[in-house]
Amino acid sequence: MNRAFVVCALMTLAVLVAIAPFGLLGSYRGLQAMNNHPLVWMPRDTPARTQYEEFVGHFEHFDPVIISWAGCTIDDERLDRVARKLREIDEAKPPQERLFLRVVTGREVLDELSSRPLRLSRAAAIGRLRGSMIGPDGKSTCAVVVLTPAAAERGGETLELIESTAEHETGLARDELHLGGPTVESTEIDSASVRSLIDNILPSAIVVFVVAWPVLRSLGMTILVTTAALLVEVTILSLAYYSSVPINGILVVMPSLVFVIFTSGSVHLLNYYYDALDEGLGPRAPLAAVRAGRLPCFLATLTTAIGTGSLATSQVEPVVIFAWFATIGVIATFAVMFLLLPGAMVIHARYAGARSRDPASALDAAPRRSRWQPLKKIIVARFWLVAIGFTVSMLVGTVGVARLKATMELGDFFTEDTTIVRDHQWLEDTIGPLLPAEVVLRFDRRSNTTMHDRLVLVREVEDAIDRTRAVSTSMSAAKLLPSPSLDSDARAIARRTVLERSLEQRVDDLVRGSYLAIDGDSQLWRISVRVFALAQSDYGQSLDELRTAVNGALAASDLANGKVSVTYTGLLPLIVESRRQLLRDLVSSFASALAIIAVVLAIAFRSVGFGLLSLLPNVFPTLLVFGFLGWTGSHIDVGSMMTASIGLGIAVDGTVHYLTWYHRGIALGKTSPDAIQTAYDRCGAAMVRTTLIVSAGLIVFVFSPLLPAAQFALMICVLLLMGLVGDLVYLPALLCASAGSFARWRTVKPSSKEPAE
């Protein structure tokens, strides 16, 4: 058997080394192809997402890049040079390679409003554009570059072209330019994600190596475990590239998560080996370790995989991608661990020089880790007080969880001192708000309205929108066309007739301008609304005010006649929906993971009550931590949401090992306090060490420039530390309180043929 272990280990190591170059290549190319467009972070398969996709289909792939600089005013000729040069560069490309749908500046729109047919005064034209293309001061303006879908996918290259062109035509340094828009955000998320992985993956591995070395007792064993963990994490990350799945910002934490899970699992398995070696089993120690550790290690892996896999129920695509690859990684760690480490144990045992003694005395041996004796005495003496205290704290936490709020916006991905947030804030202060909401009025054949009537209704709705506190500015065809009139005198009728003809002739221009769309027999008139992204505290309230204003205007207008439908879409409704979806995903993923893990543990320990009881110490950290966030009014982001089920899955690992030794003590006829002492002595130290290893490996990501990754790492560490407290304090108290339920196990004797089991 020992020879088979060694052969299997050598073959496994050879395979890992052989595929390492492909793993590195796939990881590198996957990071290069990363694309974190803000839309991918929005929930799928929801009415809000469906409406947004329909809106994009009717109008255009609206992906604007806003560019401006200090001193960029409506009299700045440099703006014309930038726009003209960008058009020249784009027009020189073949049609299928074009980058820009439109390039427009505030100067150009102002000139259009001041010329025929509107001939607005300069002041009136500026008033119509204030807050959209012209700033509150009536002078500051910008250029808007609307990208093609292909250009948005190559966001980094496209932005480099725009920035370099603006830099050349204006004579400004790059850090003097201010850019905003979805593609700018996605490119910065990509950059921050790559920096997060590259800057932290090696420090994470080094920290884990340093923490694990004393635990694994052998430099050679530590090098083997960390090397294998590195090879596994690189391989799993490369699978995203080879399966044509885009790497996203939160997925960059997955490799280090797989790394620490592999290392902590190895510590538990090797703990069984060193126990057998200390008992004098010598060459038989590897086989004894495999027999003793196979069930608890399998259950620990299974529960962790359930925790990560439960995130696949999310409606947020990056979370689903994380769930699949993290689950594959967790399963891979178990396979590699049991293929590799038994052979390493065999080689190590040859040089251990331990004396052999009767393995049947393994569990009856005197406690070797008396350091746990004081803690055990306190818990056994006051188990009801401990159990009630922890249970009450869980109930308080449950109330706090009900108060939780979620958030998903630009400020949730970056800190305030980053360039993108500063640029975003500058553009909102200088030009106008950037967060879009779209109101689309649909006129079909039933509406019986003329083009003039429709323009009047759009103007009435837009006026109602502009009067709300939530909306800072709006833009529609009504602001680019002459003012309609409903007066009944001869002159007004003549003007209305002329305007009607003009509108019918300009339908194609309005369609090209993306403020009108044709859908069969229907016309869709778009009112583009902007609200401040960084100053908002309640997007839901803003959306409600917008709906109230629009519905009120439609109800009060005779032109609507109840036959004009309205759709609310854009990023604002998507963000509102994403906040609600994050909370739903938190509850659904945690509940599904909890239910499945409960069934698994009930089957494994052959008792429904025992399985349910074992979950309480692992539910405790989630309710306490998330309850605290709810009570303090804190918000959770996408990184925080993922930690509940993952933290549960990982925390159960220690519970499984603890209960395994407790179960074996009861089976030998020990009392519940003595079985608790056995569990402490056998795996208490390993539980502490693995928690420290996982926390140490992930804590470096707290300094990640991408906030969801940093929040994920911090929350996992806190949850695991609280889970350790639950396993070492709350769980023993529950076992004392429920000792009578497990008396039937005392008649079960462990087989003397299987050492330490």
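Throughout what follows, the structure given in this document is the object of discussion.

A few points about helix α16 (residues 451–466)
Taking 1.5 Å of rise per residue, 16 residues should cover 22 Å, and α16 covers 22 Å from first to last C-alpha, within 8% of that figure. Judged by how many residues are buried, α16 sits mostly within the fold: 13 of 16 residues are covered.

A few points about helix α15 (residues 419–430)
With 12 residues, α15 extends 16 Å from end C-alpha to end C-alpha; this agrees with the ideal 16 Å at 1.5 Å per step. Every buried residue belonging to α15 is among I420, V421, D423, H424, L427, E428 and T430, and all of these are buried. Tucked inside the fold, the buried residues of α15 contact β1 (64–69), β4 (177–180), α8 (182–216), β6 (435–443) and β9 (522–531).

Observations concerning the packing of aromatic side chains
All chains considered together, the criterion is met by 15 aromatic pairs. Relative to Y242, the ring of Y241 lies with its centre 5.3 Å away and its plane at 65 degrees, an arrangement referred to as edge-to-face. A ring pair is formed by F390 and Y730, whose centres lie 4.9 Å apart and whose planes are at 10 degrees; its orientation type is stacked. Residue F390 is found in helix α14 (residues 383–401), and its partner Y730 is found in helix α24 (residues 707–737); the two are separated by 340 residues along the sequence. Like F390, the residue Y730 is buried in the burial classification. What links up through ring pairs into an aromatic cluster is the set Y52, F55 and F59. Across the ring face of F59, the terminal group of R526 is positioned such that the distance to the ring centre comes to 5.7 Å. In this arrangement the basic side chain of R526 is found over the ring face of Y515, its NZ or CZ atom lying 5.5 Å from the centre.

Points about the pairing of β1
Most of β1 sits out of view: six of its six residues are buried. Taken together, the four bridges between β1 and strand β3 (residues 143–147) define a ladder with antiparallel strand orientation. Pairing of I66 across the sheet is with V144, part of β3. Pairing of β1 with β4 involves four bridges; the strand directions are antiparallel. Residue pairing in the sheet places I67 in a bridge with L179 of β4.

Here we look at the nonpolar core
Among the nonpolar cores identified, the biggest contains 237 residues, and F322 and L546 are the most heavily contacted of them. Excluding residues that lie within four positions of it along the chain, F322 makes contacts with I250, L251, M254, L257, L311, M642, I646 and F712. Within the second largest apolar cluster, five residues are counted, among which are F55, F59, V440 and L524.

A short note on the pattern of salt bridges
For side chains of opposite charge, pairing can occur when their charged atoms come near one another. Under the counting rule described, the total for this entry stands at 17 salt bridges. Close ionic contact of E53 with R49 constitutes a salt bridge, the shortest N to O distance being 3.2 Å. With a gap of four residues between them, E53 and R49 both fall in helix α2 (residues 47–58), about one helical turn apart. Given a relative accessible area of 46%, E53 falls into the partly exposed group. One salt bridge connects K479 with E462, and the closest N-O pair in it is separated by 3.6 Å. Within this pair, whereas K479 is found in the loop between β7 (473–476) and α17 (490–505), its partner E462 is found in helix α16, the two being separated by 17 residues in sequence. Its relative accessible area of 13% is what places K479 among the buried residues. Exposure remark for E462: the relative accessible area of 1% places this residue in the buried category. Members of the salt-bridge network, linked through shared partners, are E160, E163, E167 and R174.

Quick notes on a nonpolar patch on the surface
Among the surface-exposed residues, W384, I388, V392, V396, V399 and W631 lie close enough to one another that they form a single nonpolar patch of about 600 Å² accessible area. In terms of residue count, the dominant contributor to the nonpolar patch is α14 (five residues). Relative to the helices and strands, W631 is located in helix α21 (residues 608–631). Taking relative accessible area as the criterion, W631 reaches 43% and is therefore assigned partly exposed.

Overview of the environment of Y241
For Y241, the position within the fold is in helix α9 (residues 219–242). With a relative accessible area of 30%, Y241 lands in the partly exposed category. Each C-alpha atom, one on Y241 and one on G30, is 4.8 Å from the other, the two residues being 211 residues apart in sequence. Those residues in contact with Y241 that lie beyond four places of it in its chain are G26, R29 and G30.

Considering the sheet that holds β1
As summarised here, the arrangement of the four strands in space is β2-β3-β1-β4, forming an open sheet in which the pairing is antiparallel. At either end of the open sheet lies a strand with only one pairing partner, and these are β2 (100–105) and β4. The sheet shows a mean angle of 15 degrees between the axes of neighbouring strands, direction not considered. Docked against the sheet, α8 engages β1, β3 and β4, running at close to 90 degrees with respect to β1.

Rules and cut-offs
- Residues numbered from 1 in each chain as written.
- Predicted model: local features only at pLDDT ≥ 70, side-chain atom pairs only at ≥ 80, totals over all residues.
- Heavy atoms only, no water.
- Helix = DSSP H or I, 4+ residues; strand = E, 2+ residues; numbered from the N terminus.
- Expected span 1.5 Å × (residues − 1).
- Buried < 20%, exposed > 50% of the residue type's maximum accessible area, 1.4 Å probe, protein only.
- Contact = heavy atoms within 4.5 Å.
- Phe/Tyr/Trp six-rings, centres within 6.5 Å; stacked < 30°, edge-to-face > 60°.
- Lys NZ or Arg CZ within 6 Å of the ring centre and 35° of its normal.
- Pairing = 2+ DSSP bridges.
- Core = buried A, V, L, I, M, F, W, Y, C linked by side-chain atoms within 4.5 Å.
- Salt bridge = Lys/Arg side-chain N within 4 Å of Asp/Glu carboxyl O.
- Patch = residues over 30% accessible without salt bridge, like charges linked within 9 Å, V, L, I, M, F, W, Y side chains within 5 Å.
- Areas by Shrake-Rupley, 256 points an atom, 1.4 Å probe, with all protein chains shown as cover.
- Axes fitted to C-alpha atoms, helices over the stretch in contact; angles between N-to-C directions.

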